[in-house]
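Next come the chains, spelled out residue by residue.
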Amino acid sequence: MLLWYNITLIDCLGLYFMHDLSKIIDRINTNSTKWSKYKDKNVIPLWVADMDFKTAPQITQAIMNKCEHGIFGYSDLTATVKPDIVNYLHQSFRWKINPQNIKWLGGVHMGLNLISKIFVKPDESVITFSPIYPPFLKIEQFTSRNLINLPLKYDQSNKKWLFDFDLLEQTLSNPGKLKPKLILLCNPHNPVGRVWTQAELNKLLEFAIKYNLLICSDEIHCDLILEPKLKHIPFATLNDEAKMRTITLMSPSKTYNIASLGCAFVVIENAELMQTYLNATNGLYADLNELGLLACKVAYTKCEQWRQQVIAYLQDNKKMIDNALNGYTNITVHSPQATYLSWIDMRHLMLEKNITNPTEYLENYGIGLSNGADFGAPGFVRLNFACAKDLLDQALKRFIKAIG
Ligand SMILES: Cc1ncc(COP(=O)(O)O)c(C=O)c1O
């Protein structure tokens, strides 16, 4: 009967696992990057973007089944995962692509470097908008391509981060020697948490058309939309023009907490761009780890109920932060529309208390946050709230002590 409805026992158990998100799981001595940083210190780690939740039980079960079988020879799983991704993109975003448009990547971070290196010549440049996930700012270091870093602007009255289109026009109309070729977009945006609207993305597309730019859209946070009225729009789906000039980077790793399994992919629908990509990469890297591919397959086909539970939990955690911190005038919490990351302006507090490094200051009160300086915004910190409520509650109490 259960199978008739295509529901397995483990799917039914999903409801039971809802309660698991509140359990504080010991991650010390598990090689966790997030928790190792403060191993012997009384500091609650709320920095790097991974979640303290166990991944969906369906994913763990699939990996355990494979491990129990115990043979890890060459695998053709890759061929069946691509149609699953095609279905997922269609169901989630009405985005119809061909499986051949997908190529595997070990991670989205490396994808940013790879795309910049392949599609931008040494005498051209890459544009991005900061504050931004730090690797975007390291493009010069890793690819020796010139980076033009344009600040986003904060609209105080609507409490929203926006693209500064005037600045973009100014920059593109006076290109200098290193002509811009590629925009590295973060959609939704880490760390300011914006879900870019259709109007904003269309405006960006207008610039891309006018100045003949490619767009590399990092959409790793696309399944973590926290405001029910908002929806993620893949840049490539805006229209045919967008489709022809967009390279999209995606991965189930953030949403399903499987970053260490290394399964990401790039979508390129323009045949000419795909050929350039293949010319540069063919034969240079192996197929992905089968366990990562398996996790990706299960994430996109069997874990929607789990994802919804996580979203609801994150929405509650976000409210907890707003309720705890919004009354303080020496900091400003920028609540995200997507992601599980709050972006916090500490500049008033820093003046008030003569603080030079807000992250070090908060570490002394027992909370470990990311430093905004790494995102191109000194004076800000980023708080990862994908953790058990009790832990977040302890962290917020420490935060209040630090700012009170
Ligand atoms: C916007 C963004 N892109 C890429 C990554 C890293 O992705 P990966 O682990 O697949 O390299 C992160 C991780 O936090 C991220 O926030």
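Calculation notes
Residues numbered from 1 in each chain as written. Predicted model: local features only at pLDDT ≥ 70, side-chain atom pairs only at ≥ 80, totals over all residues. Heavy atoms only, no water. Near = heavy atom within 4 Å. Polar contact = N/O pair within 3.5 Å; in protein donor to acceptor, adjacent residues only side chain to side chain. Nonpolar A, V, L, I, M, F, W, Y, C, P; charged D, E, K, R; others polar. Domains from an automatic or database assignment. Contact = heavy atoms within 4.5 Å. Buried area = accessible area lost by both parts, 1.4 Å probe. Helix = DSSP H or I, 4+ residues; strand = E, 2+ residues; numbered from the N terminus. Pairing = 2+ DSSP bridges. Axes fitted to C-alpha atoms, helices over the stretch in contact; angles between N-to-C directions. pLDDT = per-residue confidence, 0-100. Buried < 20%, exposed > 50% of the residue type's maximum accessible area, 1.4 Å probe, protein only.

**Let's talk about the site of the ligand**
Move 1: Residues in contact with the ligand, as listed here, are A49, G107, V108, H109, Y133, C186, N190, D218, I220, H221 and K254.
Move 2: Take H109: an N or O atom from its main chain is 2.9 Å from an oxygen atom of the ligand.
Move 3: Contact between the ligand and D218: a nitrogen atom at 2.5 Å from a side-chain N or O atom of the residue.
Move 4: For the shell around the ligand, a count of residues per class yields 5 nonpolar, 4 polar and 2 charged.

**Quick look at the domain arrangement of the chain**
Move 1: Examined at the domain level, the chain breaks down into domain 1 (3-55 + 304-403) and domain 2 (77-302).
Move 2: One C-alpha centre belongs to domain 1, the other to domain 2, and the line joining them spans 25 Å.
Move 3: The partner domain 2 presents 31 residues to the 29 residues of domain 1 that form the contact.
Move 4: Roughly 2600 Å² of surface becomes buried between domain 1 and domain 2 when both sides are summed, with 57% attributable to carbon and sulfur atoms.

**Considerations on the environment of T281**
Move 1: Secondary-structure assignment places T281 in helix α11 (residues 271-281).
Move 2: Beyond its immediate stretch of four places on either side in the chain, T281 contacts L114 and I118.

**Examining unusual backbone geometry**
Move 1: Residue P131 is reached from S130 by a cis peptide bond, and omega for that bond is 5°.
Move 2: Its identity as a non-glycine residue notwithstanding, N354 has a phi of 60°, on the positive side.
Move 3: Checked against the element boundaries, N354 lands in the loop between α14 (347-353) and α15 (358-363).

**Brief notes about the sheet that holds strand β9 (residues 246-250)**
Move 1: With mixed pairing, the 7 strands of this open sheet are ordered in space as β2-β10-β9-β8-β7-β3-β4. Edge positions in the sheet fall to β2 (102-105) and β4 (146-151), since each has one partner strand and no second. Averaged over all pairs of adjacent strands, the angle between strand axes in this sheet comes to 25°, irrespective of strand direction.
Move 2: On top of the sheet, α11 reaches β2, β8 (214-218), β9 and β10 (264-268); it is set at about 35° to β2, its chief contact.

**What to know about the confidence of the model for the chain**
Move 1: Mean pLDDT for the chain: 94, with 95% of residues reaching 70 or above.
Move 2: Counting contacts from residues 1-7, a segment whose pLDDT is below 50, to residues more than four positions away or on other chains yields 4 contacts.

**Quick notes on the sheet that holds strand β11 (residues 332-334)**
Move 1: Read from one edge of the open sheet, 4 strands run β11-β12-β15-β14, paired in antiparallel fashion. The sheet is open, and its two borders are formed by β11 and β14 (370-371), each paired with just one other strand.
Move 2: Relative to strand β15 (residues 380-384), strand β12 (residues 341-345) runs antiparallel, the two sharing 5 bridges. Note that in β15 the partner of D345 across the bridge is F380.
Move 3: Lying over the sheet, helix α13 (residues 304-325) contacts β11, β12 and β15, oriented at roughly 165° with respect to β11.

**Observations concerning the pairing of strand β7 (residues 179-186)**
Move 1: With 6 of 8 residues buried, β7 is to be regarded as a mostly interior element.
Move 2: In this sheet, β7 lies alongside strand β3 (residues 124-130) in parallel orientation, the contact comprising 5 bridges. Paired with S125 across the bridge in β7 is P180.
Move 3: Pairing geometry for β7 and β8, over 5 bridges, is parallel. If you follow L182 over to β8, its bridge partner there is L214.

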